[in-house]
Amino acid sequence: MLNLRVPDMDCPGEEAQIRRALESYIAIKSLRFDLGARTVAIDAPEHDWPAIEQAIAREGLKTERLSQPVSAEETQRRQRREVWKLGAALGFALGAELVHFATPETTPWKVLSMGLAAVAIVLSGLGVYRKGLALLLRGQLSITTLMTVAVTGAFVIGQWAEAAMVMALYSLAEWIEARAVDRARNAIKGLLDLAPATAEVRQADGSWRNEPAQSIAQGAIVRVKPGERLALDGRVVAGHSAVDQAPVTGESVPVEKSPGDEVFAGTINQHGALEFEVTAPASDTVLARIIHAVEQAQGTRAPIQRFVDRFAAIYTPAVFAFSLAVALLAPWLAGWTWLAAIYKALVILVIACPCALVISTPVTVVSGLAAAARRGILIKGGVYLEEARKLTHLALDKTGTITEGKPRLVAYEIVRAGVDEMRVWQLATGIAARSDHPVSKAIAQGLADMAGARLEVDDFAVEAGRGTRGSINGQALILGNHRWVHERGHCSPALEARMAENERLGRSISILADEQGVLALLVVADAIKPSSQQAVQEMRAQGITPVMLTGDNLASAQAIAREAGITHVQAELLPEQKLQAIQALNAQNGNATGMVGDGINDAPALAAARVGFAMGQGGSHIAAEAADVVIMNDDLRRVAETVRLSKHAHGVLWQNIVLALGIKTVFLSLALFGNANMWMAVFADVGASLLVVFNGLRLLRWRG
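Bear in mind the structure is a predicted one, so any value in this text is a computation, not a measurement.

K.L.:
Lay out the overall build of the protein in plain terms, naming residues and giving numbers.
P.N.:
Scanning the protein for helices and strands turns up 24 helices and 26 strands. Relative to its length of 704 residues, the protein is extended, with a C-alpha radius of gyration of 33 Å against a globular reference of 27 Å. Projecting the C-alpha coordinates of the protein onto the three principal axes gives extents of approximately 120 × 65 × 45 Å. Counting over 704 residues, the protein shows a buried share of 52%. Once local pairs closer than 6 in sequence are excluded, the contacts in the protein between residues at least 24 apart make up 68%. Accessible surface, the protein as shown: approximately 30300 Å² in total, 56% of it carbon and sulfur. Side-chain charges of the protein comprise 67 positive and 70 negative groups, with the mean position of each set lying 6 Å from the other.

Written as structure tokens, this is what we have:
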């Protein structure tokens, strides 16, 4: 990791410069900016480091290589020094203004006013001057260049106090903007602080000892007590409890955990002690991956952000040329004095500074990404945050996306009259519990509460393609499929009708029978998630048409689709056919189709969709890699929520653009045809910048 300190990187403008300078280096994996510390951490091969440093230097930004990242304490010390300098600069600038307005126009007082103004400019504006002059010498016109020219010009024509106040307020606005961007980023980075630094680990002799989380290896057994936070990801091996997963998945209520369930670092154990096996090191927990993904996401620029950058690249030189024209032509065309024309031109430069316009998009985008991550929605870039609002169709995988993805006992009934129901369920549970088949496991789990104590099974055997057999207390039993029961001659017309009805729905049927005939009918199916119906309704409310694409059989697909409220179904699709279906839907509706899936077979379709959504909890890593958005808790309702956030963020982006340009248009008109001065100019620029920053930060409080 290359850690660089960039002394002149004090606002998002310099960050954008560095990103543009390094965008051609494909070896760079990630860029992590800390505007407060004025540092950037670059994940790139060591042999590329000198070239990276040279690329940044060509932008007029000096760099200092650091042996390690700057500590939080050092960052805070530097920020305190910067605040003191800015406070002192504002004090000296106000002093210069007071001397200018409250004292006679004599040489000593003029010298004092000029001296106070000069000190204010030195304290607040040396960095601005260095950057502005470097860019000017290379023929590049930027926000910094405009401010450098405007302040220098104001000082030269004798407007010392106003020049000082412009520079002090401009530097203060940049500092606030940098803190605003850091705040949006820290809303995500702060999640890492939720995971404790230590955890209680079981030793070889069975004792427990606190160890640093960073040193705990995969496979270790960790204990977490009631009320404590989990330090690592893992799988529960002992204990039962409810865990508050809101920091990671956005779940609004605690989730029950028992052996075999996954748990995540940063979540809170509620009422029972849990022991879990560590499944990932501290550097690769779900929380750590969220941070890494969001940092990478900040480097992908949304279309509106790229538009603003291109607009600013044209707008800035145009403003400079217009100001120059006012200074040179106004005395001839409007009869102004040369001094008045130059002053007006400088006022125009300050008012028209595109700082507010440029900062309006990154703060909003980063705030939107942070708000989504807090809700358990991991969006991999600003481009996808913006693209989600354009979706008109959503293709949904069935298994694991609309349904739970695992078989569950959904129906059961006694067929033989006059038998003891409790006894029948005990027999069924005893036979089912001996098998590893998913259908048998679902039956055993579904009947566990009714069956009570498990009965011992003798002579257990598996009949391939038919089911299982065994005896309990001398009673010979089978738990088999439709074909086996039919072969034994135990199927009645009524039973055949009930089985046909369930088979039409794509369900798996098991029959419990003894030597005399059928005892019970048990039906297993992949049940729909409780949230899927509401999720489909919310999609329709957003103007999105849901379409099911599944590799499952048509009967099962249609049954689940009816239950979920989906009318368009394509079943029995291979992965390449899902991809073709996405391409066909995109061709029909103007490339506005999204895809939601969880499996390896969904990856090609996820990659081809305009926006791909992957289920992050139960889904495959390949699907999560191929997708643009990862739903951390597998709740399908989060998809419509993402679309709502996208629309809201887009609205805030355009609010900021209209605010920035509208304020500047008003004050430019005042400058040309009214009485605007430097004070009005600086408040127009600084005020617009702060307004769009705080408007963008509102997204951090978004709750769906």
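K.L.:
Before we move on, can you summarise the nonpolar core with the specific residues and values?
P.N.:
Within the largest apolar cluster, 49 residues are counted, with the highest numbers of intra-cluster contacts made by Ile121, Val151, Val166, Val347, Val350 and Met678. When residues of this core are traced back to their parent elements, those giving at least two are helix H3 (72-102), helix H4 (107-137), helix H5 (143-156), helix H6 (160-189), helix H9 (303-333), helix H10 (338-352), helix H11 (355-374) and helix H24 (678-697).

K.L.:
Residues and numbers for the packing of H11 against helix H23 (residues 637-673), please.
P.N.:
Direction vectors running N to C along H11 and H23 enclose 160°, while the axes themselves pass 9 Å from each other. When the interaxial angle is binned, H11 and H23 end up roughly antiparallel. Two packed elements cross with a definite hand, and for H11 against H23 that hand is right-handed. Only Leu645, Ala649, Val652, Leu653, Asn656, Ile657, Ala660, Leu661 and Lys664 of H23 make contact with H11, whose side of the interface consists of Ala356, Leu357, Ser360, Thr361, Thr364, Val365, Gly368 and Ala372. Residues of the contact of H11 with H23, tallied by class, amount to 11 nonpolar, 5 polar and 1 charged.

K.L.:
I'd like to hear about helix H2 (residues 49-57), residue by residue, with values.
P.N.:
Three or more residues of H2 are buried, namely Trp49, Ile52, Glu53, Ala55 and Ile56. Each buried residue of H2 lies within a common arc of 160° when the element is viewed along its axis, so the set occupies one face.

K.L.:
Go over the pairing of strand S13 (residues 274-278) with me, naming the residues and quoting the values.
P.N.:
Here strand S7 (residues 221-224) pairs with S13 via 4 bridges, running antiparallel. Note on S13: the bridge partner recorded for arginine 223 is glutamate 275. As paired elements, strand S8 (residues 234-238) and S13 share 4 bridges and run antiparallel to each other. Looking across to S13, one finds that alanine 238 is bridged to glutamate 275.

K.L.:
Tell me what's going on with the side chain of asparagine 656, and back it up with residues and numbers.
P.N.:
Assignment of secondary structure puts asparagine 656 in helix H23. Apart from the residues lying within four places of it in its own chain, the contact partners of asparagine 656 are Ser360, Thr364, Val692, Asn695 and Gly696.

K.L.:
Which residues make up the pattern of salt bridges, and what are the values?
P.N.:
For the coordinates displayed, the defined rule picks out 18 salt bridges. Between glutamate 211 and arginine 209 there is a salt bridge, with its nearest N and O atoms 3.2 Å apart. Residue classification places glutamate 211 among the buried positions, given a relative accessible area of 16%. We note a salt bridge from aspartate 602 to lysine 578, for which the minimum N-O separation is 2.6 Å.

K.L.:
Outline the sheet that holds strand S1 (residues 2-5), listing residues and values.
P.N.:
Strand order in the open sheet formed by 4 strands is S2-S3-S1-S4, with antiparallel pairing between adjacent strands. Every other strand in the sheet has two partners, leaving strand S2 (30-34) and strand S4 (64-66) as the edge strands with one partner each. The mean inter-strand angle of the sheet, taken between neighbouring strand axes irrespective of direction, is 25°. As paired elements, S1 and strand S3 (residues 39-43) share 4 bridges and run antiparallel to each other. Following the sheet pairing, arginine 5 is matched in S3 by threonine 39. Against the sheet, H2 makes contact with S1, S3 and S4, and its axis sits at roughly 25° relative to S1, the strand it touches most.

K.L.:
Go over the environment of valine 666 with me, naming the residues and quoting the values.
P.N.:
Positionally, valine 666 belongs in helix H23. A relative accessible area of 48% means that valine 666 is categorised as partly exposed. When the C-alpha positions of valine 666 and isoleucine 351 are compared, they lie 9.7 Å apart, and in sequence the two are 315 residues distant.

K.L.:
Give a description of the packing of helix H18 (residues 532-541) against H23 that names residues and reports values.
P.N.:
Where H18 meets H23, the axes come as close as 7 Å, and the angle between the chain directions of the two elements is 25°. Classed by the angle they form, the pair H18 and H23 counts as roughly parallel. Judged by the sense of rotation from one axis to the other, the crossing of H18 with H23 is left-handed. For the pair H18 and H23, contact is made by Gln534, Ala535, Glu538 and Met539 and by Arg637, Val639, Ala640 and Arg644, respectively. Of the residues in the contact of H18 with H23, the class split is 4 nonpolar, 1 polar and 3 charged.

K.L.:
Summarise the packing of aromatic side chains; cite the residues concerned and give the values.
P.N.:
Counted according to the given criterion, the structure contains 2 aromatic pairs. Here tryptophan 332 and tryptophan 338 contribute two aromatic rings whose centre-to-centre distance is 6.2 Å and whose plane-to-plane angle is 85°, an arrangement assigned as edge-to-face. When its relative accessible area of 45% is taken as the criterion, tryptophan 338 is described as partly exposed. Seen in terms of ring centroids, tyrosine 412 and tryptophan 425 are 5.4 Å apart; in terms of plane orientation they differ by 85°. Their pairing is edge-to-face. Residue tyrosine 412 is located in strand S16 (residues 403-414), and its partner tryptophan 425 is located in helix H14 (residues 421-433); the two are separated by 13 residues in the primary sequence. You can call tyrosine 412 partly exposed: its relative accessible area is 38%. Here tryptophan 425 falls in the buried class, since its relative accessible area comes to 6%.

K.L.:
Account for H5, with residues named and values stated.
P.N.:
In an α-helix, one full turn covers 3.6 residues, which means residues spaced three or four apart are oriented alike. Taking 1.5 Å of rise per residue, 14 residues should cover 20 Å, and H5 covers 20 Å from first to last C-alpha, within 8% of that figure. Across the 14 residues of H5, 10 count as buried, placing the element largely inside the fold. By the burial criterion, the buried members of H5 are Ile143, Thr144, Thr145, Leu146, Met147, Thr148, Ala150, Val151, Gly153 and Ala154. Count one or two residues on from H5 and you reach glycine 158, which has phi positive near 95°.

K.L.:
So what about a nonpolar patch on the surface? Which residues, and what values?
P.N.:
Among the surface-exposed residues, Leu324, Leu328, Leu329, Trp332, Leu333, Trp338 and Ile342 lie close enough to one another that they form a single nonpolar patch of about 800 Å² accessible area. At 5 residues, the largest contribution of residues to the nonpolar patch is made by H9. Examined against the element boundaries, leucine 333 turns out to sit in helix H9. Judged by its relative accessible area of 71%, leucine 333 is exposed.

Thresholds applied
Residues numbered from 1 in each chain as written. Predicted model: local features only at pLDDT ≥ 70, side-chain atom pairs only at ≥ 80, totals over all residues. Heavy atoms only, no water. Helix = DSSP H or I, 4+ residues; strand = E, 2+ residues; numbered from the N terminus. Rg over C-alpha atoms; globule rule 2.2 N^0.38 Å. Buried < 20%, exposed > 50% of the residue type's maximum accessible area, 1.4 Å probe, protein only. Contact = heavy atoms within 4.5 Å. Areas by Shrake-Rupley, 256 points an atom, 1.4 Å probe, with all protein chains shown as cover. Lys, Arg positive; Asp, Glu negative; His and termini not counted. Charge placed at Lys NZ, Arg CZ, Asp CG, Glu CD. Core = buried A, V, L, I, M, F, W, Y, C linked by side-chain atoms within 4.5 Å. Axes fitted to C-alpha atoms, helices over the stretch in contact; angles between N-to-C directions. Parallel < 35°, antiparallel > 145°, perpendicular 65-115°, else oblique. Left-handed = near helix turned anticlockwise from the far one by under 90°. Nonpolar A, V, L, I, M, F, W, Y, C, P; charged D, E, K, R; others polar. Arc of directions from axis to C-beta. Pairing = 2+ DSSP bridges. Salt bridge = Lys/Arg side-chain N within 4 Å of Asp/Glu carboxyl O. Phe/Tyr/Trp six-rings, centres within 6.5 Å; stacked < 30°, edge-to-face > 60°. Expected span 1.5 Å × (residues − 1). Patch = residues over 30% accessible without salt bridge, like charges linked within 9 Å, V, L, I, M, F, W, Y side chains within 5 Å.

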